[in-house]
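These are the residues of each chain, in order.
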Amino acid sequence: MAVAMKRSISEVTISLQETPLMVPQIPTHRLYKRIRRNACNANGTLTSILSYVNMLEEASSNEALQILLKITDSMHFDETEFPEAVSKLAEHFQREPESAVRVKILSLFADLATETGMDGQQLIDEVIKLLKTEQSAKVISQGLNVLEKIGKSFTPSVSYINKMVFFAKVKLFSASHNVQRHAILLLGVFVLVSDAEKESLELIGKYTDSPDARVRAQAFRSMLTLGERGVHLPPSLYPRACVSLTDDYECVRKEALNMVYELGVRHPEEMIKVQDSEQEVRLIDDAFGKVCSAICDLSMNIRTQAAELLGGMTMVSDEFLHQTLDKKLMSNMRKKRSLHERSAAHFASGEWSSGKKWADDAPKEVVSADSVSLMASGACGALVQGLEDEFLEVRTASVNSMCKLALKNPLFAVTSLDFLVDMFNDEIEEVRLRAIYSLTAISRHIILREDQLETMLSSLEDYSVEVREGLHLMLGACKVSTKACLTLVVQKVLDVLLKYPEDRLSTFGCMQRVGQKHPELCMSITPQQLQDHPFFDSAERDVEDPAYVCVLIMLFNAAQHLPAMLSVFPETTIKHYAYLRDTMPNFVPRLDVGGDAKELNLTGSTGSRQFLETLLSNIQRAYSAPQARQALLKAAQDDLDRLAEIDPAFSGTANFTSVFFGAQLQMEQLQLAATGLSIKAPIKECLLQLIKKCLMLQNLFNNLTNDDQLLVKQMCLRASALNLVLIVKDRSQSALGPCQLLLHIASDASSFLHENSSVIADTFTSAIMVKLATVGDPKPGRVFREILPIVQTAAPVVIPQINTNIKMCKARIIEPTESSYSADNVIKVTAGLIAAVPFVAELENLQQSQRQDLRLKIKYPDQNVHIIVPRKRDLKKVMTEEGESESHWRLRTKVLLSHGVWTEASTVEITICLSVKPNNELELCKPVKVHFAPKPVKRGL
């Protein structure tokens, strides 16, 4: 089965608890070794690494290289042969004349450590021993790289760390730049923190003056690595990093820029002297100026990096921060020199007044930008230069940094507003979106003026639906200054809605937030928007008109915060409120009009939890009465499904418990079949349903505790054991696959129990693992005979504990809807050709690792099913006022429909699902049905 997700184990009452058995740790490598051996025997491939290594004795260098490549490609060998194989490979290394073969042998050592879990200490000893007498720089540099990989594959002891560090320090004096680079890399990764602060940091720092650019870059990178590991990076490194900012090589400037940023963030209040002056500035301010200067770098990568780093320097002084928006040097950024200093400089110049010109002996101030400013002239207006850069990467990074800085500084947010608004006209959609989302994020600090609104609203007619939805989100998050501004927003939004009717839901959400943020302004434009004349009755407007619905949504949400508005609503508007409140409760709030009764709210902490606790306690009391217990489980499933509908906050817990009870019912039915009794439903159908529910428990739920995970793994173990028993009894298909599946699941559960000693397995799991651990040759018949008595006498599964943090992955199809493609609106296309149907869906609680498993499922009336993999770029995170949602996604794509000739229109089902196993898709929502009619080809006369 797929990788198990998290689930909880519940406690049974004291009378039913048994003394927990000590779960024997099944050797995981033994189980996997058996499975690999069965697979290899079926394919006729070699499984002994020694058979390969022995072939090296009489092979030439070219043949030896080919043999080593075969070993690397296989990597499925008997682990007991590894020590002897390593010794023979080391012997061949010493007598091999070709350096390429020696390099490959060292690389093979690293593969053995990372892919097979071989003891790294033996490999470290062998590699260091071999490299002590090695003369080839290429082989030594590869050996240092191999030591790094081996060291990362396990947790080496202090003695082995000191061995690698000492060896790396010895190789630092090599004439080869590659050896120096890999030695510095090894020091940065493994040197002890205490030793690094004493001498290693200074030793690495000396190599920032190396003649080779790659060594200089690696020295900075290793010092940064030490900083990440907790080593104190002193401010004395700052001058060295500043000098390297003007290096000829991009790789050095990149690492030096990271060092300047890191030192500025770590020591913001450290005072340093300005170059060629006695004046002092804060280190963070000077570092900020240095990073700003890097935005003028010739390399696009450096400019992008500098623009990104600016966003993290939030402790910079206001005068330095505001200078990034002005290309002219501000007066307060100039160095102030006393009259004595200016007179001394004038006297030193040797010039004397001739008396012919008025005031020619007056003190003159040098105007060189580099000598009079606290910030280099190239750094002035750095963010503006970034926004005007020719590369979209630099512009995007500049917008993001401007947003981060504005979030920390409200005054800077107001100043940067005009620059962000100008980016709405960028030619690249991604840059426009970043500007829109950035302005949304800083909306709490700003109030929009009418001239700014005109630029924003002109972008509402953008062809991109994402830009339009982003602008709807931004307009809903921002505040406007005047009544005229609000009228302008409403009118433009309604005009664009006529042009793009598919933006209906996004527009509704925009108007909802506009009403909530501007109740007073909304009240002033209410008669105008409702077209309510003070003396004459106006015609009742169509409540199905999207533009009218938008106005009502805005006014109703404003009335929620300003109840006095209700008095200016005409009678027809009150009637329309009752209709919209029932049809669109997400957009229309509850108002105290028309006798609207108070709503009953169930929350996960009160009513829902109490109901679930009562439900589980009733099932627990019926633990020893199978018939009553099964009846309670069936009734509980319906109750939990209904609870998930009426209480969204508790839906994940309710759905999980419902699926768990369903799997438990199926398992008890199949357990009766395993004992030889007959059941009503077909066994194969019950097995499929049980496997499907186990897959749902594994893949559709997250935020589960260790107890939750164990409970799911135990459920899957029971299901796989039942599957093997029933298939062997049926004798109609091979049992090798189910047997290997059982071994895999048992090994996974055993590893989980070993890693989490705080959780305890139940009696069934303990007994199954004891039997599997004693099976020498795990063939299906042998395993069947061992586990059959355990399966037939297994006690019922314990019920899960309540975990209110459980979330279920589910989807909601927004477009198409069944009403938009009903029998009156059929998709007609010539048979054999393709019809593209716009498809929009929102997914909740989808994990990042599940993105590649998302599928679209299309089922035609002839029962043909097409599974489509959506493009990665079509799935994006939903944006909110707080930024990107963590687990809320939107899929926007087109579904392609095609078929042969039909005599009449019929429905095609479209749904979204997760592909967890081959030919196993878990549907995330109910399918939507669209009418489709492929017509015959019209032939000309």
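All chains use their own residue numbering, which begins from 1 and follows the written sequence. Confidence filtering applies because this is a predicted model: local features only for residues at pLDDT of at least 70, side-chain atom pairs given and counted only at 80 or more, and all residues used for totals across whole chains, interfaces and linings. With hydrogens and water set aside, each side-chain value is computed from the structure's full complement of heavy atoms.

Asks: Can you break down the overall build of the protein chain residue by residue, with the values?
Replies: Working definition: helices are DSSP H or I runs of at least four residues, strands are E runs of at least two. Numbering for both runs from the N terminus. Helix and strand counts for the protein chain stand at 38 helices and 16 strands. With a 1.4 Å probe rolled over the protein chains alone, any residue whose accessible area is under 20% of its type maximum counts as buried; one over 50% counts as exposed, and the rest are partly exposed. Per-residue burial for the protein chain yields a buried fraction of 50% across its 941 residues. Residues are treated as being in contact if the distance between any of their heavy atoms lies within 4.5 Å. Across the protein chain, contacts joining residues at least 24 apart in sequence account for 73% of those joining residues at least 6 apart. Only the protein chains shown count as covering a residue, and every accessible area follows the Shrake-Rupley method with a 1.4 Å probe. In the structure as shown, the protein chain presents an accessible area of about 45,800 Å², 52% of it carried by carbon and sulfur atoms.

Asks: Run through unusual backbone geometry, naming residues and quoting values.
Replies: The linkage connecting glutamate 815 with the following residue, proline 816, adopts the cis geometry, with an omega of 5°. The residue proline 816 is located in the loop between strand E7 (810-815) and strand E8 (827-830) in this model. Despite not being glycine, asparagine 845 shows a phi value in the positive range, around 60°. We classify asparagine 845 as buried; its relative accessible area is 15%.

Asks: Any chance you could break down the packing of aromatic side chains for me, citing the residues and the numbers?
Replies: Between 30 and 60 degrees the pair is tilted, below 30 it is stacked and above 60 it is edge-to-face, where a pair is any two Phe, Tyr or Trp rings, Trp via its six-membered ring, whose centres lie within 6.5 Å. Here the structure, examined in full by the defined rule, presents seven aromatic pairs. Taking 5.2 Å as the distance between ring centres and 80° as the angle between the ring planes, the aromatic pair formed by phenylalanine 556 and tyrosine 577 counts as edge-to-face. Separated by 21 residues along the polypeptide, phenylalanine 556 in helix H29 (residues 546-561) and tyrosine 577 in helix H30 (residues 571-583) bring together distant segments of the chain. Judged by relative accessible area, which is 1%, phenylalanine 556 ranks as buried.

Asks: Can you tell me about the side chain of serine 443, naming the residues and giving the values?
Replies: Positionally, serine 443 belongs in the loop between helix H22 (429-441) and strand E3 (447-448). In protein, a polar contact requires one atom able to donate a hydrogen and another able to accept it; more generally it is a pair of N or O atoms within 3.5 Å, and residues adjacent in sequence count only if both atoms are side-chain atoms. Within the local environment of serine 443, its side chain forms a polar contact with the backbone oxygen of alanine 477, the two atoms lying 3.4 Å apart. Ignoring anything within four residues of it in the chain, the contact list for serine 443 reads Ala477 and Cys478.

Asks: An account of the packing of helix H31 (residues 607-621) against helix H33 (residues 651-674) is requested, with residue identities and associated values reported.
Replies: With their axes 12 Å apart at the nearest point, H31 and H33 run at an angle of 15° to one another. One way to sum up the angle between H31 and H33 is to call them roughly parallel. The chirality of how H31 crosses H33 is left-handed. Residues Leu612, Leu616 and Ile619 of H31 touch H33, and the partners they reach there are Thr653, Thr657 and Phe661. For the contact of H31 with H33, the class distribution of residues is four nonpolar, two polar and no charged. Under this scheme, a helix contributes an axis fitted over its contacting stretch, all axes are lines through C-alpha atoms, and angles between N-to-C directions fall in the 0 to 180 degree range. In what follows, roughly perpendicular refers to angles from 65 to 115 degrees, roughly parallel to angles under 35, roughly antiparallel to angles over 145, and oblique to any angle outside these ranges. Should the near helix be turned anticlockwise from the far one by less than a right angle, the crossing is termed left-handed; should it be turned clockwise, right-handed. Think of it as three bins: nonpolar holds Ala, Val, Leu, Ile, Met, Phe, Trp, Tyr, Cys and Pro, charged holds Asp, Glu, Lys and Arg, and polar takes everything else, Gly as well.

Asks: Can you lay out the pairing of strand E13 (residues 883-897) for me, pointing to particular residues and giving the numbers?
Replies: Paired strands, as defined in this entry, are two strands with at least two bridges between them according to DSSP. As paired strands, strand E9 (residues 835-844) and E13 are joined by ten bridges and run antiparallel to one another. Bridging from a neighbouring strand, glutamate 842 pairs with arginine 890 of E13. By the bridge criterion, five bridges tie strand E12 (residues 875-880) to E13 in an arrangement that is antiparallel. When the sheet's bridge partners are listed, threonine 880 is paired in E13 with glycine 883. Where E12 hands over to E13, the hairpin turn is made up of two residues, counted between the paired strands.

Asks: Any details on the layout of surface pockets? Residues and values, ideally.
Replies: Put simply, the second largest pocket is a space of about 1,300 Å³. Using a grid of 1 Å spacing that covers the protein atoms alone, one calls a set of points a cavity when a 1.4 Å probe fits there but cannot get out, and a pocket when the set is open and has protein on both sides within 12 Å along at least five of seven lines; lining residues are those with an atom within 4 Å of a point. Around the second largest pocket sit 39 residues that line it, and Glu645, Asn655, Met808, Lys810 and Leu924 are the ones nearest its centre. Of all elements in the fold, only helix H32 (626-646), H33, helix H34 (683-699), strand E6 (807-808), E7 and strand E15 (920-923) reach the threshold of two or more residues within the lining of the second largest pocket. For the lining of the second largest pocket, a count of residues per class yields 17 nonpolar, eight polar and 14 charged. Grid points are joined across faces, edges and corners, and a volume is the space filled by probe spheres set on the points.

Asks: Mind laying out the sheet that holds E13, listing which residues take part and the relevant values?
Replies: With respect to topology, four strands assemble into an open sheet ordered E7-E9-E13-E12, the strand pairing being antiparallel. Both outer strands of the open sheet, E7 and E12, are each paired with one neighbouring strand and no more. With direction set aside, neighbouring strand axes in the sheet form an average angle of 35°.

Asks: Report on the environment of glycine 737, specifying residues and quantitative values.
Replies: Along the chain, the position of glycine 737 falls in helix H36 (residues 736-755). Given the relative accessible area of 44%, glycine 737 is considered partly exposed. In sequence terms glycine 737 and proline 780 are 43 residues apart; their C-alpha atoms lie 8.9 Å from each other.

Asks: Summarise H31; cite the residues concerned and give the values.
Replies: Multiplying one less than the number of residues by 1.5 Å gives the expected span of a helix. Between the first and last C-alpha of H31 there are 21 Å, a value that for 15 residues agrees with the 21 Å anticipated at 1.5 Å per step. Among all positions of H31, only Ser608, Leu612, Leu615, Leu616, Ile619 and Gln620 are buried. With its buried residues spanning 135° around the axis, H31 presents them on a single face. Turned more than 90 degrees away from the buried face of H31, the exposed residues are Gln610 and Arg621. The secondary structure elements touched by the buried residues of H31 are H32 and H33. By construction, the arc corresponds to the directions joining the helix axis to the C-beta atoms.

Asks: Describe the nonpolar core, with residues and values.
Replies: Ile71, Phe109, Leu147, Leu439, Leu453, Met474 and Leu475 are the most contacted members of the largest nonpolar core, which totals 180 residues. If one sorts the elements of this core by residue count, H29 sits on top with twelve residues. Only buried residues count toward a nonpolar core, which is a set of Ala, Val, Leu, Ile, Met, Phe, Trp, Tyr and Cys residues joined through side-chain atoms within 4.5 Å. By size, the runner-up hydrophobic cluster in this structure holds 101 residues, among which are Cys716, Leu717, Leu724 and Ala841.

Asks: Just give me the short version of helix H37 (residues 763-774), but keep the residues and values in it.
Replies: Taking 1.5 Å of rise per residue, twelve residues should cover 16 Å, and H37 covers 17 Å from first to last C-alpha, within 8% of that figure. For H37, the full list of buried residues reads Phe764, Thr765, Ser766, Ile768, Met769 and Leu772.

Asks: Pulling in residues and values, what's your account of the packing of helix H7 (residues 137-153) against helix H9 (residues 177-190)?
Replies: Two elements in contact, H7 and H9, have axes whose closest approach is 8 Å; the angle formed by their N-to-C orientations is 15°. The orientation of H7 relative to H9 falls into the category roughly parallel. Between H7 and H9 the crossing geometry is left-handed. Touching Ala137, Ile140, Ser141, Leu144, Asn145, Leu147, Glu148, Gly151 and Lys152 of H7 are Asn178, Val179, His182, Ala183, Leu185, Leu186, Val189 and Phe190, all from H9. Across the contact of H7 with H9, the residue classes break down as ten nonpolar, five polar and two charged.

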